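# Structural overview
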Amino acid sequence: MHKDIAEILVSEAEIEDICVKLGEELTKAYEGKTPLLVGLLNGCIPFMAQLIKHIKIPMEMQFMAVSSYHGGIASTGDVKIKYDLDHSVAGRDVLIVEDIVDTGSTLKVITELLKYRGAKSVKVVTLLDKPEGRKVTFIPDYIGKTIPKKFVVGYGLDYQERYRNLPYVGVLKPEVYEK
Ligand code: IMP
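About the criteria used
- Residues numbered from 1 in each chain as written.
- Predicted model: local features only at pLDDT ≥ 70, side-chain atom pairs only at ≥ 80, totals over all residues.
- Heavy atoms only, no water.
- Pairing = 2+ DSSP bridges.
- Helix = DSSP H or I, 4+ residues; strand = E, 2+ residues; numbered from the N terminus.
- Contact = heavy atoms within 4.5 Å.
- Axes fitted to C-alpha atoms, helices over the stretch in contact; angles between N-to-C directions.
- Buried < 20%, exposed > 50% of the residue type's maximum accessible area, 1.4 Å probe, protein only.
- Core = buried A, V, L, I, M, F, W, Y, C linked by side-chain atoms within 4.5 Å.

With respect to topology, three strands assemble into an open sheet ordered β1-β9-β8, the strand pairing being antiparallel. Every interior strand has two partners, whereas the edge strands, β1 (5–10) and β8 (152–153), have only one. Two strands pair when backbone bridges link them, and β8 and strand β9 (residues 169–172) are joined in this way by two bridges, in the antiparallel orientation. Among the inter-strand pairings, Val152 is bridged to a residue of β9, identified as Val171. Relative to the sheet, helix α1 (residues 12–29) contacts β1 and β9, its axis offset from that of β1 by approximately 30°.

This next bit is on helix α2 (residues 45–52). Looking only at α2, the buried set comprises Phe47, Met48, Gln50 and Leu51. Turning to α2, the residues buried within the fold contact α1, β2 (36–41), β3 (60–67), β5 (93–101) and β6 (121–129).

On to the pairing of β5. Burial of β5 is extensive: nine of the nine residues sit out of reach of the surface. Here β2 pairs with β5 via four bridges, running parallel. From the neighbouring strand, Val38 faces β5, where its bridge partner is Ile96. Inspection of the sheet shows β5 paired to β6 by eight bridges, in the parallel sense.

Considering the arrangement of structural elements, one finds Val20 in helix α1. With a relative accessible area of 28%, Val20 lands in the partly exposed category. Along the backbone, Val20 and Leu51 are 31 residues apart, and their C-alpha atoms lie at a distance of 7.2 Å.

We now examine the nonpolar core. With 28 residues, the main nonpolar core has Leu26, Phe47, Val125, Leu128, Val152 and Val169 as its most contacted residues. Contributing elements (two or more residues each) for this core: β1, α1, α2, β5, β6 and β9. Here this core takes five residues from α1, the largest share from any one element. Those residues in contact with Val152, other than ones at most four positions away along the chain, are Leu9, Ile100, Leu128, Ile147, Leu157, Val169, Gly170 and Val171. If you look at the next biggest cluster of nonpolar residues, it comprises 18 residues, including Val66, Ile96, Val122 and Val124.

Printed below as a string of structure tokens:
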């Protein structure tokens, strides 16, 4: 897999620093509350696992699977729920955990849906943000790192379901998806 990576954008050490910093911020922000973390599968898994170790207050977790790429390297803007939450979010302080925000379509749809379902508050923490990719207005509440508009893989992020197990985030060589 490493041979398909043009450059490492976020190293393992930097990811750990990001998780420590975000964990401290979230611990303060949600003090006295029991947030419900909603992870967006599959990309959230490594980030969520590392982040929650640094959240020092009681919290709960649930998962949803949504898709907007349908296999390519660009969002279709057509957000589909493939797997839904199994408990109500009514009255809960929800924190959506995402790997990356690009066009903003996925998070805009999901935050609006969870508010409609009665969540008391809905915020978003994302490991990566690509603000140059925005097609809808959406600003994540907590951002690990802002990156340029490049297609990246690793640490949960995939190209056609592969590369999620790389321990860092790297730019995929264009020849891999131009084949
Ligand atoms: P958005 O709806 O365009 O903001 O896209 C959000 C989703 O697109 C993320 O959860 C990822 O699954 C995927 N995505 C966006 N950018 C990348 C990337 O550079 N590499 C891999 N997946 C990406």
